Each structure stands twice: as C-alpha cells, then as structure tokens.
Amino acid sequence: MSGRLFTSPMFLGFDHLEQILERAAKSTSDGYPPYNIEQLDSSSLRITLAVAGFMMEDLQITQEDNQLVIRGRQCEDVTQERVFLYRGIAARQFQRAFVLAEGIEVESAWLDNGLLHIDIRRPQPEMKVRRIEIIQNSAARKKTAPKVPAYKGNFTDGNRSERSGLERNIQTIEKDR
C-alpha cells in the first residue's frame, strides 16, 4: 500500500495538500507555550498563546508561505543583576508554527496580560459557476486529434469492398485536417 493519502484518480491537484499534512505531522512540539484556538464566527479564528514573562519586543510573528510562525526569545537584561532563588517562569525561547489553508489572512495580533492573541480570517470566496461549452465531435477532433499519416501502401487482402471503405476513411481523415 502506498503512503499517499490522495491515491484516487478523482483527487486531481491535491499534491500540495498532502505535502502540508506531511509537514504538520513532522513538526514536533514540546507543548510550550500552551495555546488555545477559538472560533469567533464562521470565518474567523483566534489563536491565544500563554507567553508570561515575554514583552512585545521579545516576540515575532511571521507568515512564511502557508505557515504562521510565532517566535519568542527573551533578552537577558544584563543591567539588572537579579539573583533568583527559584525560577519557575520559563525564560526559554520557543517557536510555534501553524499551517494555514490557502486564502487565510492574519488580521491582527496583540499582547495583553501575558497572552498573545492573533486573529485570523478566511474571506468567503465568491461562488463561481463556469459553463463549459460542448462542441460537435468533428470540430473537437480537428482541435485535439493527432494527425494520422495517410496510408501509402497496397491492400493485399483481396476484399475490394473493405479496401474501398478503408480508402474512404483515410480520405475523410485527410479532408478534416
């Protein structure tokens, strides 16, 4: 059995979707920072990350192709020499990536009380209906049929009616070109 998901000939052009699913499966994460994803309405989502101890300048949000990447790196403040007796608030860097579907737009991001909020939206696509013209067989053959070279040999079977029928077919093909 193939490792591919979309092996049916009915799924045309879904190779990119399969690549996205493979990339999402490969991305390993240790669960830091924790996050929520909530649906605001039928076309809007909000991603909320718990980033306690990070300031705005410690965070970076980028959209790389179809991935939303959030990076956090706390800068050690060397001017304030602090001595920690216990350090329970994580001061480590992180990277969290979310795979976005085609057309998803990042609307806004803000930091509030140690929570980073990112609103994303999928614009509603316009319904497109396109009529496909059906053309007569002979006209379609002129456009798409490969050119068949005319038969230049001799018929040797002796059956005159079959021979004349084949000759007529060859002549018809040549006229249609």
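For the structure, check the block above.
Residues numbered from 1 in each chain as written. Predicted model: local features only at pLDDT ≥ 70, side-chain atom pairs only at ≥ 80, totals over all residues. Heavy atoms only, no water.

Student: Before we move on, could you go through the overall build of the chain and cite the residues and values that matter?
Tutor: Scanning the chain from terminus to terminus reveals three helices and seven strands. The order of helices and strands in the chain, counted from the N terminus, is α-β-β-β-β-β-β-β-α-α. Across the chain, every contact between residues at least 6 apart in sequence was considered, and the portion connecting residues at least 24 apart equals 52%. Carbon and sulfur atoms provide 51% of the accessible area of the chain, an area that totals close to 14600 Å². (Helix = DSSP H or I, 4+ residues; strand = E, 2+ residues; numbered from the N terminus. Contact = heavy atoms within 4.5 Å. Areas by Shrake-Rupley, 256 points an atom, 1.4 Å probe, with all protein chains shown as cover.)

Student: Tell me about a nonpolar patch on the surface, residues and numbers included.
Tutor: Taken together, the side chains of Phe11, Phe14, Leu17 and Leu21 make up a nonpolar region of the molecular surface, amounting to roughly 320 Å² of accessible area. Here Phe14 is to be found in the segment before α1 (15-26). (Patch = residues over 30% accessible without salt bridge, like charges linked within 9 Å, V, L, I, M, F, W, Y side chains within 5 Å. Salt bridge = Lys/Arg side-chain N within 4 Å of Asp/Glu carboxyl O.)

Student: Residue-level account of the environment of Gln67, with values.
Tutor: Note that Gln67 resides in strand β4 (residues 67-72). For Gln67, a relative accessible area of 15% gives the class buried. The spacing of Gln67 and Arg96 is 29 residues in sequence and 10.0 Å in space, taken between C-alpha atoms. (Buried < 20%, exposed > 50% of the residue type's maximum accessible area, 1.4 Å probe, protein only.)

Student: Which residues make up the sheet that holds strand β2 (residues 44-50), and what values do they have?
Tutor: Note: strands within a sheet are paired through backbone hydrogen bonds, in either parallel or antiparallel orientation. On the basis of which strands lie adjacent, the open sheet formed by four strands has the order β1-β2-β7-β6 and antiparallel pairing. With one partner strand each, in any of the chains shown, β1 (35-41) and β6 (105-112) form the two edges of the open sheet. The average angle at which neighbouring strand axes cross in this sheet is 20 degrees, direction not considered. Inspection of the sheet shows β2 paired to strand β7 (residues 115-121) by seven bridges, in the antiparallel sense. Bridge assignment links Ser44 to a residue of β7, and that residue is Arg121. (Pairing = 2+ DSSP bridges. Axes fitted to C-alpha atoms, helices over the stretch in contact; angles between N-to-C directions.)

Student: Give me the lowdown on the pairing of β4, citing residues and values where you can.
Tutor: A large share of β4 lies buried, amounting to five of its six residues. Alignment of strand β3 (residues 59-64) against β4, held across six bridges, turns out to be antiparallel. Bridge pairing in β4 links Leu59 to Gly72. Where β3 folds back onto β4 in an antiparallel hairpin, the turn is made up of two residues, including Asp65, whose phi is positive at roughly 55 degrees. For β4 and strand β5 (residues 94-99), the ladder comprises six bridges, and the chain directions are antiparallel. Note on β5: the bridge partner recorded for Ile70 is Arg96.

Student: I'd like a rundown of the pattern of salt bridges, residues and numbers included.
Tutor: Summed over the entire model, instances satisfying the criterion amount to four salt bridges. Here Arg46 ties to Asp119 by a salt bridge, and the two come within 2.6 Å at their closest N and O atoms. One end of the pair, Arg46, is in strand β2; the other, Asp119, is in strand β7, and 73 residues separate them in sequence. Residue classification places Asp119 among the buried positions, given a relative accessible area of 10%. Notably, a salt bridge pairs Arg121 with Glu105, separated by 3.7 Å at the nearest N-O pair.

Student: Just give me the short version of the nonpolar core, but keep the residues and values in it.
Tutor: One finds Leu49, Ile70, Phe94 and Ile118 to be the most contacted residues of the largest nonpolar core, which totals 15 residues. Contributions of two or more residues to this core are made by β2, β4, β5 and β7. (Core = buried A, V, L, I, M, F, W, Y, C linked by side-chain atoms within 4.5 Å.)

Student: Account for the packing of aromatic side chains, with residues named and values stated.
Tutor: Tallied over the full model, the rule gives three aromatic pairs. Centroid distance Tyr35 to Phe98: 5.2 Å. Interplanar angle 85 degrees. Geometry classified as edge-to-face. With Tyr35 in strand β1 and Phe98 in strand β5, the pair connects residues that are 63 residues apart, well separated along the chain. Overall, the relative accessible area of 9% leaves Phe98 in the buried class. Considering the side-chain rings of Phe54 and Phe94, the 5.3 Å spacing of their centres and the 85 degrees angle between planes classify their relative orientation as edge-to-face. On the criterion of sequence distance, the pair formed by Phe54 in the loop between β2 and β3 and Phe94 in strand β5 is long-range, its members being 40 residues apart. Its relative accessible area of 6% is what places Phe54 among the buried residues. Classification of Phe94 as buried rests on a relative accessible area of 7%. Of note, Arg92 hangs over the ring of Tyr32, and the distance from its end group to the ring centre comes to 4.1 Å. (Phe/Tyr/Trp six-rings, centres within 6.5 Å; stacked < 30°, edge-to-face > 60°. Lys NZ or Arg CZ within 6 Å of the ring centre and 35° of its normal.)

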